[in-house]
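Fold and contact review
Residue-level listing of the chains:
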Amino acid sequence: LVPMSTCDVSTLSVKELKALIAEAGLSTAGCVEKADLRARAAEAQAKLVADKAATGESASAPAWSQSERTLSGFSCLISAPADVAAGSAPADLAVILLHGLGAGNRDLADLTKTLSSFGLASRKILFVFPQAPAHPMFGSAWWSIDPMKFMALSSADSDAVAKAIREEPPDLSACRAKMATLVQEVRTLGGGTAGMLPTSRVLLGGFSQGAITSLDVALQCADDEHVAGVLFLSGAPIVVEQWAARLKLHRGLRVLMTHGQADMTLPVVASGWVRDLLGQHGASVSYKLHTGGHDLGDAAILSAIAAFIRDSIPVA
């Protein structure tokens with residue numbers, strides 16, 4: 001059973017929500033609706049995680065190593081148990097996370113500290129955080145994008161939307177080639193002396209443009225190779241006809257989608273279109289919203305991300 005301190009609060013009953021809040025020493029005062037209890041429960045989870053870290057309860061977890069190396073031409077931050085990073089033990093799972101437009105790989109690398117508090121510290125997970133190439137306008141980008149076009153999707157007419165989500169960015173093919181090599185090199189790194197990890201033990205994910213890229217890369221895998229899953233955090237659709245065709249070859253693809261309901265950068269309706277496309281073509285989709293904007297979300301979202309990663313690890 002997943003402890004309430006790390007579970008998805010949206011799955012808890014009112015009684016369980018109140019118990020979780022009480023466990024953290026918080027009050028239910030002011031909680032009128034169940035949504036209020038869920039928000040307070042998310043605060044409780046964050047407090048329990050912080051308290052656990054402060055008391056050193058995770059001291060028995062293996063030592064983790066942080067390092068930098070170049071993979072497929074990308075400068076990457078690597079976070080993994082020391083024996084995995086040294087190549088003396090294979091990873092149970094490799095997780096490649098791609099940052100958003102104009103951001104840096106350290107933005108997501110901090111996630112490992114948070115996710116380790118949700119029960120992942122003891123697992124042999126290789127986290128890889130590549131840095132996107134420099135871009136003259138945005139600072140960094142995985143491929144060329146017109147952000148204004150995507151920001152306007154919620155108010156654009158149907159013809160403009162149809163064009164926007166079908167156009168292929170001019171340098172997307174070059175990005176795909178580099179990403180395919182990255183996946184191969186991560187599989188080699190994660191396998192250590194045991195040999196290359198199978199593609200089924202690689203999880204792809206990202207935020208914003210990184211989310212879009214991670215799903216696209218997953219769908220470009222060989223027809224007989226399927227990734228462990230995709231973390232699609234605050235993303236939007238591109239090349240939807242290509243995606244639809246590739247989804248037929250990757251039925252059952254596991255995807256966790258999250259999005260902020262107040263997102264003014266990539267409107268939440270955009271990820272809803274991706275959810276519908278995935279569902280129509282046989283993907284296994286979990287879609288979770290939070291009350292924030294263009295950000296990762298609250299403790300409940302982080303808990304769902306940790307659970308998705310944990311469930312992607314093959315059973316021994």
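A brief report on the enclosed structure follows. (Residues numbered from 1 in each chain as written. Predicted model: local features only at pLDDT ≥ 70, side-chain atom pairs only at ≥ 80, totals over all residues. Heavy atoms only, no water.)

Turning our eyes to something else, we now look at the overall build of the chain. Per the secondary structure count, the chain includes 12 helices and 10 strands. Taking 2.2 N^0.38 as the reference for a compact globule, 316 residues should give roughly 20 Å; the C-alpha atoms of the chain span a radius of gyration of 20 Å, in line with that estimate. Its C-alpha atoms give the chain principal-axis dimensions of roughly 55 × 55 × 35 Å. Burial analysis of the chain (316 residues in total) assigns 49% to the buried set. Within the chain, counting contacts between residues at least 6 apart in sequence, those at least 24 apart form 73% of the total. A total of about 13700 Å² of accessible surface is found on the chain, and carbon and sulfur atoms cover 55% of it. (Helix = DSSP H or I, 4+ residues; strand = E, 2+ residues; numbered from the N terminus. Rg over C-alpha atoms; globule rule 2.2 N^0.38 Å. Buried < 20%, exposed > 50% of the residue type's maximum accessible area, 1.4 Å probe, protein only. Contact = heavy atoms within 4.5 Å. Areas by Shrake-Rupley, 256 points an atom, 1.4 Å probe, with all protein chains shown as cover.)

Turning to the side chain of Arg 176, a few remarks are in order. With respect to the helices, strands and loops of the structure, Arg 176 is situated in helix 8 (residues 172-191). Excluding residues that lie within four positions of it along the chain, Arg 176 makes contacts with Glu 168, Asp 216, Gln 220, Val 239 and Gln 242.

Turning our eyes to something else, we now look at the packing of aromatic side chains. This model, assessed by the stated rule, comprises 2 aromatic pairs. Taking the centre distance of 5.7 Å and the plane angle of 65° together, the rings of Phe 74 and Trp 142 count as edge-to-face. Taken together, the positions of Phe 74 in strand 2 (residues 74-81) and Trp 142 in the loop between strand 6 (139-140) and helix 6 (147-151) put the pair 68 residues apart, joining distant regions of the chain. Each member of the pair, Phe 74 together with Trp 142, is buried. Each ring, one from Phe 127 and one from Phe 129, has its centre 6.1 Å from the other, and the planes form 10°; the classification is stacked. One exposure class covers both Phe 127 and Phe 129, and it is buried. Here the basic side chain of Lys 178 rests over the ring of Phe 74, its NZ or CZ set 4.2 Å away from the ring centre. Arg 275 extends its terminal NZ or CZ atom over the ring of Tyr 287, reaching a point 4.6 Å from the ring centre. (Phe/Tyr/Trp six-rings, centres within 6.5 Å; stacked < 30°, edge-to-face > 60°. Lys NZ or Arg CZ within 6 Å of the ring centre and 35° of its normal.)

Examined against the element boundaries, Arg 246 turns out to sit in helix 10 (residues 240-247). There is a polar contact of 3.2 Å between the side chain of Arg 246 and the side chain of Asp 223. Beyond its immediate stretch of four places on either side in the chain, Arg 246 contacts Leu 219, Gln 220, Cys 221, Ala 222 and Asp 223. (Polar contact = N/O pair within 3.5 Å; in protein donor to acceptor, adjacent residues only side chain to side chain.)

A word on the packing of helix 5 (residues 111-120) against helix 12 (residues 299-312). Close contact between helix 5 and helix 12 brings their axes to 9 Å; oriented N to C, the two are set at 70°. It follows that helix 5 is roughly perpendicular to helix 12 by the angle criterion. Listed contacts from helix 12 to Leu 111, Thr 114, Leu 115, Phe 118, Gly 119 and Leu 120 of helix 5 are Ala 299, Leu 302, Ser 303, Ile 305, Ala 306, Ile 309 and Arg 310. Class assignment of the residues belonging to the contact of helix 5 with helix 12 gives a composition of 9 nonpolar, 3 polar and 1 charged. (Axes fitted to C-alpha atoms, helices over the stretch in contact; angles between N-to-C directions. Parallel < 35°, antiparallel > 145°, perpendicular 65-115°, else oblique. Nonpolar A, V, L, I, M, F, W, Y, C, P; charged D, E, K, R; others polar.)

In spatial order, the strands read 1-2-4-3-7-8-9-10; together these 8 strands make up an open sheet with mixed pairing. Strands with a single pairing partner mark the edges of an open sheet, and in this sheet they are strand 1 (64-71) and strand 10 (284-290). Each adjacent strand pair in this sheet contributes to an overall mean axis angle of 15°, direction not counted. In the sheet, strand 2 pairs with strand 4 (residues 125-130) via 4 bridges, with the strands oriented antiparallel. What sits directly across from Leu 77, in strand 4, is Phe 129. (Pairing = 2+ DSSP bridges.)

Before going further, it helps to examine the pairing of strand 2. In terms of burial, strand 2 is a largely internal element, 7 of the 8 residues being buried. The pairing of strand 1 with strand 2 spans 8 bridges and is antiparallel. Counterpart to Leu 71 in the pairing with strand 2 is Phe 74. In textbook terms, the turn of a hairpin is the stretch between consecutive antiparallel strands, and for strand 1 and strand 2 this stretch comprises 2 residues, one of which, Ser 72, has a positive phi near 55°.

This model, assessed by the stated rule, comprises 7 salt bridges. Of the charged contacts, one joins Asp 83 and Lys 124 as a salt bridge, the two residues approaching to 2.6 Å between their closest N and O atoms. Residue Asp 83 is located in helix 3 (residues 82-85), and its partner Lys 124 is located in the loop between helix 5 and strand 4; the two are separated by 41 residues in the primary sequence. By relative accessible area, which is 26% here, Lys 124 ends up partly exposed. The salt bridge involving Arg 246 is made with Asp 223; its shortest N-O contact spans 3.2 Å. With Arg 246 in helix 10 and Asp 223 in the loop between helix 9 (209-219) and strand 8 (229-233), the pair connects residues that are 23 residues apart, well separated along the chain. We classify Arg 246 as buried; its relative accessible area is 19%. The exposure class of Asp 223 is partly exposed, given its relative accessible area of 44%. (Salt bridge = Lys/Arg side-chain N within 4 Å of Asp/Glu carboxyl O.)

Let's shift gears to the nonpolar core. Membership of the largest hydrophobic core comes to 56 residues, with the highest contact counts inside it found for Ile 96, Leu 126, Leu 215, Trp 243 and Leu 253. Once residues within four sequence positions are removed from consideration, Leu 126 is found in contact with Ile 78, Ser 79, Ala 80, Val 84, Ala 91, Leu 93, Ala 94, Val 95, Val 186, Leu 189 and Gly 190. (Core = buried A, V, L, I, M, F, W, Y, C linked by side-chain atoms within 4.5 Å.)

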